Amino acid sequence: MYFDRLLGALEALLFAAGEPLPVGEIAGFLHIEKAQVWNLLSALKEQYAAENRGLMLREVDGGYQLVTKPEFYQLVAALCQSKEIKLTNAAMETLAIVAFKQPVTRAEIEAIRGVKVDGVLNTLLELELIVEAGRKKSVGNPILYATTGKFLTVFGLASLEDLPRPDADESDTGQAEQQLLVMPDEK
């Protein structure tokens, strides 16, 4: 009974948060130990694995969140059509460079792309897909850019280690990953 109540409380937290919640934060909200949270997460994941469920538990950026199952993508996409983030090819190329080279400066991105990226960087900052991650200790102390937790969430990655390797064979990468690999080959 107590376990079921905690399971319901965990489900409510994950639903209301909308963003990934770390295990430590969940433990704090529920006033339980992390080990108990892991047990609850396992039980909840099993329940959502049932075929008749529309949600699943996903690990993202060091936390957990409830998301819709991939087979219901079209249905949810129709509902959220106006909320979709659309990126231009220039934005995708710039985002890929930041993701793979981070932390990286504007000048380093421009050297790879061969064009100015001020506007694209501003767009990615506004969308909270990248963030200013400090300053490089070099002449002029240029701003360093890195990806955010929202980047991981949007692309469904648990961590940056889940990014496809730039030298990976195309047959090894999924469709969503191929969208990230739009940067031109460096010469």
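Keep in mind that this is a model prediction, so the values were computed, not measured.

**Structural notes on the pattern of salt bridges**
Tallying each qualifying case throughout the model produces five salt bridges. Its salt-bridge partner being Arg-106, residue Asp-118 comes within 3.4 Å of it at the nearest N-O pair. A residue pair is termed long-range when its members are at least 10 positions apart, and Asp-118 in helix α7 (residues 118–126) and Arg-106 in helix α6 (residues 106–113) qualify at twelve residues. Across the salt bridge formed by Glu-108 and Lys-136, the nearest N and O atoms sit 2.6 Å from each other. Here the residue Glu-108 occupies a position in helix α6, and Lys-136 occupies one in the loop between β4 (130–135) and β5 (143–147), the gap between them amounting to 28 residues. For Lys-136, a relative accessible area of 31% puts it in the partly exposed group. Bridged by salt links that share partners, the residues Arg-106, Glu-110 and Asp-118 form one connected network.

**Details of helix α3 (residues 34–48)**
The terminal C-alpha atoms of α3 lie 21 Å apart, and with 15 residues this matches the ideal 21 Å at 1.5 Å per residue to within 8%. Of the surrounding secondary structure, the elements contacted by the buried residues of α3 are α1 (2–17), α2 (23–30), β1 (55–60) and β2 (63–68).

**Concerning the packing of α1 against α2**
Where α1 contacts α2, the two axes come as close as 11 Å, and the packing angle between them is 120 degrees. When the axes of α1 and α2 are compared, the pair comes out oblique. Considering the relative orientation of α1 and α2, their crossing is right-handed. Packed against α1, whose contacting residues are Leu-6, Ala-9, Leu-10, Leu-13 and Leu-14, the element α2 presents Ile-26, Phe-29 and Leu-30 at the interface. In terms of residue class, the contact of α1 with α2 is made up of eight nonpolar, no polar and no charged.

**Thoughts on the nonpolar core**
Membership of the largest hydrophobic core comes to 21 residues, with the highest contact counts inside it found for Leu-95, Ile-109, Leu-124, Ile-130 and Phe-151. Elements that contribute at least two residues to this core include exactly α5 (89–101), α7 and α8 (149–154). Sequence-distant contacts of Ile-130, defined by excluding residues within four places in its chain, comprise Leu-95, Val-98, Leu-121, Leu-124, Leu-125, Tyr-145, Ala-146, Thr-147 and Thr-148. Ranked by size, the runner-up nonpolar core spans 19 residues in total, among them Leu-6, Ile-26, Val-37 and Tyr-48.

**What about unusual backbone geometry?**
Residue Pro-103 is reached from Gln-102 by a cis peptide bond, and omega for that bond is -10 degrees. Checked against the element boundaries, Pro-103 lands in the loop between α5 and β3 (104–105). Positioned with a positive phi, Asp-61 is a non-glycine residue whose angle comes to about 50 degrees. Within the secondary structure, Asp-61 sits in the loop between β1 and β2.

**Description of the packing of aromatic side chains**
Evaluated as defined, the whole model comprises two aromatic pairs. Judged by centre distance (5.9 Å) and plane angle (85 degrees), the rings of Trp-38 and Tyr-64 are edge-to-face. In this pair, Trp-38 is assigned in helix α3 and Tyr-64 in strand β2, connecting sequence segments 26 residues apart.

Conventions and cut-offs
- Residues numbered from 1 in each chain as written.
- Predicted model: local features only at pLDDT ≥ 70, side-chain atom pairs only at ≥ 80, totals over all residues.
- Heavy atoms only, no water.
- Salt bridge = Lys/Arg side-chain N within 4 Å of Asp/Glu carboxyl O.
- Helix = DSSP H or I, 4+ residues; strand = E, 2+ residues; numbered from the N terminus.
- Buried < 20%, exposed > 50% of the residue type's maximum accessible area, 1.4 Å probe, protein only.
- Expected span 1.5 Å × (residues − 1).
- Contact = heavy atoms within 4.5 Å.
- Axes fitted to C-alpha atoms, helices over the stretch in contact; angles between N-to-C directions.
- Parallel < 35°, antiparallel > 145°, perpendicular 65-115°, else oblique.
- Left-handed = near helix turned anticlockwise from the far one by under 90°.
- Nonpolar A, V, L, I, M, F, W, Y, C, P; charged D, E, K, R; others polar.
- Core = buried A, V, L, I, M, F, W, Y, C linked by side-chain atoms within 4.5 Å.
- Phe/Tyr/Trp six-rings, centres within 6.5 Å; stacked < 30°, edge-to-face > 60°.

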